[in-house]
Structures are given as structure tokens and as C-alpha cells.
Amino acid sequence: MNSSVETVLDRRQLRRKLTRWRVAALGLAVIAILVAAGRFAGDAGTLTPHIARIEIGGLITGDRDTLKLIKSAEDSKAAALIVQVASPGGTVTGSEHIYDELRRVAAKKPVVAVVDTMAASGGYIVALGADHIVADGNSLVGSIGVLFQFPNVSKLLDTIGVKVETIKSSPLKAAPNGLEPTSDAAKAAIDALVLDSYSWFKGIVKQRRNLNDDELAVVSDGRVFTGRQSMGLKLIDEFGGEREAIAWLEKQRNVAKGLPVKELKKTSIGKPFNLFSAAAAVASWFGVESADTLASHLKNVEGQAALDGLLAIWHVGHDQ
């Protein structure tokens, strides 16, 4: 008798477990279908005539996802591309990669840059990739310059009695390293790198903005300018925002009127886990006060921690 009762109870427990697993599997299947449907709907929207919009914000590294996003705008049915720039800059190479990719898009369809708050240093390099630059009167534009910075703790090591021994093939190998005083030869070598990249930066400003040598000298000392100042200095073409950008596309580049604007976004699938991105995601998920600002700040900190080498970047109170 007891055996029969136990058997019945075991079967009921097994049924409950199977039911839970079936419900969980069904739930996962529904989620997968919804995600696939959402992606299909998003893709379908880009298969009809539209204006694509891409945001280039925060610290610029020229990451693969951003370059893929720009390439997708080139290959899509978009009649034009709007690049919304809100960046103090980043690495010189990363900015160059985005600039080059935008020029490839511009060979097929018109590209407009809309400066949202700031397009400084590498951010301005990105804006130069567009055919037309629009900015608000109080936007910050410029900071045309390049820097190479590294911490030097050699005096601190001397103070605490630590000496780092180095054996290398030549005097300039791995120089500067921050663990020993920087030699004049190393400073000269780095200076040559900075000046070469600076010359390249000035060259594309001169070419893209059609400046003469005197006009270029005025804007290339590293300072930032407001949008109002930038207009007189020929760094931008028009005051305004996305509305003015679309109007220019319709009037000057014969883009059909009334086309919808489709924003292209990077996917988060496959992103490596790290503390900063996770904290930013949590802030957004929980909708805490000023979550967007907090998330943006955390992502900027993450990006700044990864910056290395030659930089085209502007810091408040620290012009380059």
C-alpha cells in the first residue's frame, strides 16, 4: 500500500517538473520568436527608401561594430546618411577609420553630420567625413590637434627605492615607458609622431573645408570654438540640427521629401562582459534618475581606460 502511494506521489512530482520545463521551454521559444520578429521588422524597415541615422558618441576608438554599422548604411536602401556626432574625440587611428568609412558612403549617397553638443578633435575628424556639417550655435567644434600622453613615475620609484632594470636592443625600443626618465631622443621621436599626425589632421581640414593657409592657421591651434564662431571660420556649413540636415538633403541633394529616418544601432550580443558596461546596463534597466547620463558616463570611463597611443581628444580645461 505504501509503495503504491509513493509511486503515485513520485509520478505527480515528475509531472510537475516536466510541466515546469515545458513552460520554460515554451517561454524561451516565445522570446526567441519575438526577438526574431523584431529584428525582421527592423531589417524590413531598412529595405525601403529611408534616411539612415548613426550616432557617434563618447570616446572614439573606431571599433569594429561602429565600422560595420556605417558599412550597413552604405549597403542599405538608405537615400542618405545622417551622422549625429557628440564626441570629444579619441584615438587618431580610430577617428581616421570612421572618417574613411564615411567617405566611402559619401561616394554612393549624401552624408550630413549633425553636431550634438560637441565635435572636437577626433569628433571633428568624423564630422569632416560628411558632405555638410550642421551645428547649434552653442555646440563646441574644433580642437584641431594631436597629443601623446603617458604617466612617468620614475621619481616616485626613486623616492621609495625601487629601480627597474631594462635590457633592450636599442635606446628607443619601448620608449617612453614611464618607469625611467624620458630621454631627449625619445621625446624627439614621439614629437615626430605627433607632428606627422597633426599634419595629416590639418591636411584633411584644409581640403574638406576649403581653407587657405592663413584660415587654417587660425583654427588649428588646438582650441575649440562655438558653433557661431565656427560658422565664420568655415568649420561648419549651417546652424541647426536634424531638421535642417534633412532640409539640406532634400533641397541640395534631391533626396525625396518625407522619407522616414531609421536609426541604426549596434547590437549588444557578443559584447565582452566588463564592470563598466555592466554597470551602465544596470543603470538603464532599472531606470534610475539620470540613468542615461550615468550610463553614458560609465561607458566613457570604460573607453578612456582603453585609450593608448596618439590621441585626438579634447578635455574641458585642457586644450590640445
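Preceding this section is the structure that the text describes.
In what follows, the accompanying structure is described. (Residues numbered from 1 in each chain as written. Predicted model: local features only at pLDDT ≥ 70, side-chain atom pairs only at ≥ 80, totals over all residues. Heavy atoms only, no water.)

On to helix α2 (residues 64-75), then. With 12 residues, α2 ought to run about 16 Å at 1.5 Å a step, and its terminal C-alpha atoms sit 16 Å apart, in line with that. Within α2, the full set of buried residues consists of Thr66, Leu67, Leu69, Ile70, Ala73 and Glu74. The buried residues of α2 all sit within an arc of 155° when viewed along its axis, so they share a single face. Across α2 from its buried face, at more than 90 degrees, point the exposed residues Arg64 and Lys68. Taken together, the buried residues of α2 touch β1 (50-60), β2 (78-91) and α3 (92-106). (Helix = DSSP H or I, 4+ residues; strand = E, 2+ residues; numbered from the N terminus. Expected span 1.5 Å × (residues − 1). Buried < 20%, exposed > 50% of the residue type's maximum accessible area, 1.4 Å probe, protein only. Arc of directions from axis to C-beta. Contact = heavy atoms within 4.5 Å.)

Turning our attention to the nonpolar core. Membership of the largest hydrophobic core comes to 47 residues, with the highest contact counts inside it found for Leu81, Tyr124 and Phe201. Excluding its chain neighbours within four sequence positions, the residues that come into contact with leucine 81 are Ala52, Arg53, Ile54, Ala73, Leu102, Val105, Pro110, Val111 and Val112. Residues Val114, Ala245, Trp248 and Leu259 belong to the second largest nonpolar core, which totals 12 residues. (Core = buried A, V, L, I, M, F, W, Y, C linked by side-chain atoms within 4.5 Å.)

Here we come to a nonpolar patch on the surface. Side chains of Val153, Leu156, Ile160, Val162, Val164 and Leu179 sit close together on the surface and give an oily, nonpolar patch of about 470 Å² of accessible area. Take leucine 156: it is sitting in helix α5 (residues 154-160). (Patch = residues over 30% accessible without salt bridge, like charges linked within 9 Å, V, L, I, M, F, W, Y side chains within 5 Å. Areas by Shrake-Rupley, 256 points an atom, 1.4 Å probe, with all protein chains shown as cover. Salt bridge = Lys/Arg side-chain N within 4 Å of Asp/Glu carboxyl O.)

Interhelical geometry of α3 versus helix α6 (residues 184-209) gives an angle of 30° and a closest axis separation of 12 Å. Between α3 and α6, the interaxial angle falls into the category roughly parallel. Our pair here, α3 against α6, has a crossing hand that is left-handed. Seen from α3, the contacting residues are Val92, Glu96, Tyr99 and Arg103; seen from α6, they are Ser197, Trp200, Ile204 and Arg208. Grouping the constituent residues of the contact of α3 with α6 by class yields four nonpolar, one polar and three charged. (Axes fitted to C-alpha atoms, helices over the stretch in contact; angles between N-to-C directions. Parallel < 35°, antiparallel > 145°, perpendicular 65-115°, else oblique. Left-handed = near helix turned anticlockwise from the far one by under 90°. Nonpolar A, V, L, I, M, F, W, Y, C, P; charged D, E, K, R; others polar.)

Here the focus is the pairing of strand β3 (residues 111-120). Counting buried positions along β3 gives eight out of 10 residues, so the element sits mostly inside the fold. Relative to β3, β2 runs parallel, the two being bridged by six bridges. Bridging from a neighbouring strand, glutamine 84 pairs with valine 114 of β3. Bridge count between β3 and strand β4 (residues 132-135): four bridges; the pairing is parallel. Bridging from a neighbouring strand, valine 115 pairs with alanine 135 of β4. Regarding the hand of the β-α-β motif, the stretch spanning β3, helix α4 (residues 122-128) and β4 is right-handed. Both β3 and strand β5 (residues 140-142) contribute to a ladder of three bridges, which runs parallel. Following the sheet pairing, alanine 120 is matched in β5 by glycine 142. (Pairing = 2+ DSSP bridges. Right-handed = clockwise from strand over helix to strand, strands pointing away.)

It is worth spelling out the pairing of β4 at this point. Burial along β4 is two-sided: the face carrying His132 and Val134 and the face carrying Ile133 and Ala135 are both buried. Relative to strand β7 (residues 238-239), β4 is paired through two bridges, and the arrangement is parallel. Looking at the pairing, valine 134 lines up with glutamate 238 of β7.

Attention now moves to the environment of proline 171. Mapped onto the secondary structure, proline 171 falls in the loop between α5 and α6. The exposure class assigned to proline 171 is exposed, which follows from its relative accessible area of 69%. Separated by 12 residues in the primary sequence, proline 171 and serine 183 have C-alpha atoms spaced 9.1 Å apart.

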